[in-house]
Amino acid sequence: MFWKKKEAKHKLVVIGDSLSQGFNNGGIYRTDINFPSFIHRCFEPKPDFDQPIFTAQAGIPLNIEVIVRGLSEKYGDEIDMTEALSASKYMFTTFKRIKKYWEGGMKDLSVERITPYHNQSIWGFNISDSWTVTEKNSREYILNNKESFTVFNMLPEHAKFTTARLVLNPTLNPEYENRSQIDNAHILAEDGGIENLIVCHGHNNILAAVTDLKVIWTEDEDDLEAFPGQRNYTVYRPEHFEQQYRKLAEKISKLGARRVFVPTIPYVTIPPVIRGVNSDLSSQRLGYFDYYTRFWIWDEDFHPDKHPFLTKEQVIELDFTIDAYNEIIKSIAEEYGWTVVPIAKNVAGLAHRRLGGELVRDLPKGLGDALLARESTKHLVDESGNIKLTTDFIRLNEEGKIYKGGIFSLDGLHPTTIGYGLMANVYIKTMARAGVKFERGIDWDEVVAEDTLVNDPPILLAELRMVLRMLAMNHQERIFSVSKNLLSQVMEIVSPRRHD
């Protein structure tokens, strides 16, 4: 293709899932601070890199940080029993408004565009969704299926298909309703070519095992390309993963991109979306705990008869499965001449609890300097210059500052803005070795300033567990029952009791 001999028109294009879209704190909110955006900032002059905007109504489906910040502004540093009904009503009204907006009940959500977005990422997508899901079948699914809830019964599943519609066919024009992620990338390829293509897929072929706390393997008789919401399995067997990844590779190869970059998949058992506990409260063996349950359930509260869990053996098997996935990715990438980005190795080096508190992966000095430059974050760097951000769930001290966590956001699964900066840093180093020219490095001052969760956490994050328990015992009017349940779940997620 002609653009292989000269610089292609489209400098950076992305096909991917929640990680490349920038999902954090339970929703898509600011796509301008995802890891592809941080990569884009390092080009001079900056090429076009268009992405959809989801900042309205605190994002979709639910940005926990924005919700809790609103509660903090309204109720201060705690919610007492006399304010429980008011808080419940506030949440009910907020969720109802957010849902109405993203269903098109407040304004027309379509935008005028001639070409597809450069970032074709959609949260919740697995490998085959990149060519099977379109705006049309997303719209039909919303119309024909009762709304179900995912991720701890809090996030409405229809929001994922609304997101897909707005990414794949932002005009909502029937003329373009059958375009998939791959189809849209083809349009960009035909419009002058793609210089650097990031393909960030594969995480959601196993992620449901930890979000649902169920290990259900694919079987040969299963439809491996079943539409999202119609899958009964949570983990693709390695041989089935390879089938899907090879099919993806064939489709990607036809785009003719000059360079293709694919990440390895981190262990899904590292993010604090699940928390390891031990039956005998002894230290973990071989880096693993006896049980893995929801991250707001502590050792002294956990009981296998009443709490959902994965066993140590299941978690080890999931890790071995991801090892197999990554070998498949590396092998196929070598066949096609792609460059592998070692995300898995870098995340594993930051696995704080699994490594017994020791980190084997250094964080960038520039990040440490940026943290030291701000009064609200300088405590996150010790006297030796070591950065004290970890993969633990976020914790606040009595002064309302973070003393633990900071790499993963409030959903316990996706990175904070700083976490996305760290991802971008790994990509930039790998891309530079593959011949991509960057005129500047990551501006860590910008990254830290954009991470409001770390540099200015909502004060209610410190003391909500007691309020949750009061709400759970408080019988409210039926009209508020749904919002009370959602509020309770938000509080469970964002405010675990302090525990070292």
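This write-up is about the structure you can find in this document. Positions within a chain are numbered from 1, following the residues in the order the chain's sequence is written. At least 70 in pLDDT is required for a residue's local features to be given in this predicted model, at least 80 for side-chain atom pairs to be given and counted, and no such filter applies to totals for whole chains, interfaces and linings, which use all residues. To get the side-chain values, all heavy atoms of the structure are used, and hydrogens and water are removed first.

### Here's the deal with the sheet that holds strand β7 (residues 194-200)
Part 1 of the argument: Two strands are said to pair when DSSP picks up at least two bridges between them. Numbering of helices and strands runs from the N terminus, with a helix taken as a DSSP run of H or I at least four residues long and a strand as a DSSP run of E at least two residues long. The strand order across the open sheet formed by five strands is β4-β1-β7-β8-β12, and the pairing between neighbours is parallel. Two strands lie at the open edges of the sheet, namely β4 (119-121) and β12 (339-341), each paired on one side alone. Between one strand and the next, the sheet's axes are offset by a mean angle of 20°, whatever the strand orientation.
Part 2 of the argument: Relative to strand β8 (residues 259-263), β7 runs parallel, the two sharing three bridges. Paired with Ile198 across the bridge in β8 is Phe261.
Part 3 of the argument: Throughout, a contact is declared for two residues whenever any of their heavy atoms are within 4.5 Å. Under this scheme, a helix contributes an axis fitted over its contacting stretch, all axes are lines through C-alpha atoms, and angles between N-to-C directions fall in the 0 to 180 degree range. The strands touched by helix α8 (residues 181-190) are β1 (10-16), β4 and β7; relative to β1, the strand with the most contacts, the crossing angle is about 170°.

### Comments concerning the packing of aromatic side chains
Part 1 of the argument: Side-chain rings of Phe, Tyr and Trp, where Trp is taken by its six-membered ring, are said to pair if the distance between their centres is within 6.5 Å; with planes under 30 degrees apart they count as stacked, over 60 as edge-to-face, and otherwise as tilted. Enumeration according to the criterion identifies 16 aromatic pairs in this entry.
Part 2 of the argument: Their ring planes at 20° and their centres at 4.5 Å tell us that Phe35 and Tyr427 sit as a pair that is stacked. Note that Phe35 is positioned in helix α2 (residues 35-40) and Tyr427 in helix α14 (residues 417-433), a separation of 392 residues in sequence. Assigned by exposure class, Phe35 and Tyr427 land together as buried.
Part 3 of the argument: Centroid distance Tyr101 to Trp102: 4.9 Å. Interplanar angle 85°. Geometry classified as edge-to-face. Each member of the pair, Tyr101 as well as Trp102, is classed as buried.
Part 4 of the argument: Grouping aromatic residues by their ring pairs yields a cluster made of Phe54, Tyr101 and Trp102. Only protein chains enter the accessibility calculation, which uses a 1.4 Å probe; a residue whose area is less than 20% of its type maximum is buried, one above 50% is exposed, and one in between is partly exposed.

### Some points on the pattern of salt bridges
Part 1 of the argument: For this analysis, a salt bridge means a side-chain nitrogen from Lys or Arg found within 4 Å of a carboxyl oxygen belonging to Asp or Glu. Going through the model one piece at a time under the given rule, you end up with 26 salt bridges.
Part 2 of the argument: Across the salt bridge formed by Lys9 and Asp191, the nearest N and O atoms sit 3.0 Å from each other. Highlighted residues: Lys9 in the segment before β1 and Asp191 in the loop between α8 and β7, separated in sequence by 182 residues.
Part 3 of the argument: By relative accessible area, which is 26% here, Asp191 ends up partly exposed.

### With respect to the nonpolar core
Part 1 of the argument: For this analysis, a nonpolar core means a set of buried residues of the types Ala, Val, Leu, Ile, Met, Phe, Trp, Tyr and Cys, connected via side-chain atoms within 4.5 Å. Counting residues in hydrophobic clusters, the biggest one holds 138 residues, and the most contacted among them are Ile39, Leu197, Ile252 and Tyr427.
Part 2 of the argument: Top contributing element to this core by residue count: α14, with nine residues.
Part 3 of the argument: Excluding its chain neighbours within four sequence positions, the residues that come into contact with Tyr427 are Phe35, Ile39, Ile198, Cys200, Pro263, Val341 and Ile343.

### Digging into the packing of helix α10 (residues 238-253) against helix α11 (residues 312-336)
What describes two packed helices is the angle between their axes and the distance between those same axes.
Part 1 of the argument: Relative orientation of the contacting elements α10 and α11 amounts to 30°, with a least axis distance of 10 Å. Taken as axis vectors, α10 and α11 run roughly parallel relative to one another. Here α10 and α11 pass one another in a crossing that is right-handed. Contact residues: α10 offers Pro238, Phe241, Glu242, Tyr245, Arg246, Ala249, Glu250 and Ser253, while α11 offers Thr321, Ala324, Tyr325, Ile328, Ile329, Ile332, Glu335 and Tyr336.
Part 2 of the argument: Its residues assigned to classes, the contact of α10 with α11 comprises 10 nonpolar, two polar and four charged. Our angle categories are set so that under 35 degrees counts as roughly parallel, over 145 as roughly antiparallel, 65 to 115 as roughly perpendicular, and the remainder as oblique. Less than a right angle of anticlockwise turn of the near helix away from the far helix marks a crossing as left-handed, whereas a clockwise turn marks it as right-handed. Under the scheme applied here, ten amino acids are nonpolar (Ala, Val, Leu, Ile, Met, Phe, Trp, Tyr, Cys and Pro), four are charged (Asp, Glu, Lys and Arg), and all others, including Gly, are polar.

### Some remarks on helix α13 (residues 365-372)
Part 1 of the argument: Of all the residues in α13, the buried ones are Leu367, Gly368, Ala370 and Leu371. Buried residues along α13 cover an arc of 165° about the axis, so they all sit on one side. In this description, the arc belongs to the directions extending from the helix axis to the C-beta atoms.

### Focus: the pairing of β7
Part 1 of the argument: Among the seven residues in β7, seven count as buried, and that is most of the element.
Part 2 of the argument: The pairing of β1 with β7 spans six bridges and is classified as parallel. Each bridged residue has a counterpart across the sheet, and for His10 the counterpart in β7 is Ile194.

### Thoughts on the sheet that holds strand β11 (residues 310-311)
Part 1 of the argument: As summarised here, the arrangement of the three strands in space is β9-β10-β11, forming an open sheet in which the pairing is antiparallel. At either end of the open sheet lies a strand with only one pairing partner, and these are β9 (274-277) and β11.
Part 2 of the argument: Alignment of β9 against strand β10 (residues 291-294), held across four bridges, turns out to be antiparallel. Bridging from a neighbouring strand, Val277 pairs with Tyr291 of β10.

### Focus on the pairing of β1
Part 1 of the argument: Most of β1 is tucked away, with seven of its seven residues classed as buried.
Part 2 of the argument: With three bridges joining them, β1 and β4 adopt parallel strand pairing. Each residue of the ladder has a partner; that of Ile15, found in β4, is Gln120.

### Some thoughts on α11
Part 1 of the argument: A rise of 1.5 Å per residue sets the reference length of α11, with its 25 residues, at 36 Å; its end C-alpha atoms lie 36 Å apart and thus fit the reference within 8%.
Part 2 of the argument: Of the positions making up α11, those classed as buried are Lys312, Val315, Leu318, Asp319, Thr321, Ile322, Tyr325, Asn326, Ile328, Ile329, Ile332 and Ala333.
Part 3 of the argument: Immediately downstream of α11, the backbone of Gly337 shows phi near 75°, a positive value. Helix span, as expected, comes to 1.5 Å for every residue beyond the first.

### Regarding the packing of helix α3 (residues 64-75) against helix α4 (residues 84-102)
Part 1 of the argument: At a minimum axis distance of 11 Å, the contact between α3 and α4 shows a crossing angle of 140°. Judged on the interaxial angle alone, α4 and α3 are oblique. When the axes of α3 and α4 are compared, the crossing they make is right-handed. When α3 is examined against α4, the residues Ile67, Gly70, Leu71, Lys74 and Tyr75 are found in contact with a partner set consisting of Ser86, Ala87, Tyr90, Met91, Thr94, Phe95 and Ile98.
Part 2 of the argument: Of the residues assigned to the contact of α3 with α4, the class counts are eight nonpolar, three polar and one charged.

### A look at the side chain of Lys160
Part 1 of the argument: Summarising the element assignment, Lys160 is placed in helix α7 (residues 158-168).
Part 2 of the argument: Exposure remark for Lys160: the relative accessible area of 11% places this residue in the buried category.
Part 3 of the argument: Beyond its immediate stretch of four places on either side in the chain, Lys160 contacts Ile122, Trp123, Gly124 and Pro228.

### Focus on unusual backbone geometry
Part 1 of the argument: Cis rather than trans, the peptide bond between Glu44 and Pro45 has omega equal to -10°.
Part 2 of the argument: Within the secondary structure, Pro45 is located in the loop between α2 and β3 (60-61).
Part 3 of the argument: Non-glycine residue Asn25 carries a positive phi angle of around 55°.
Part 4 of the argument: Its location among the elements puts Asn25 in the loop between α1 (18-21) and β2 (27-28).
Part 5 of the argument: Exposure remark for Asn25: the relative accessible area of 3% places this residue in the buried category.

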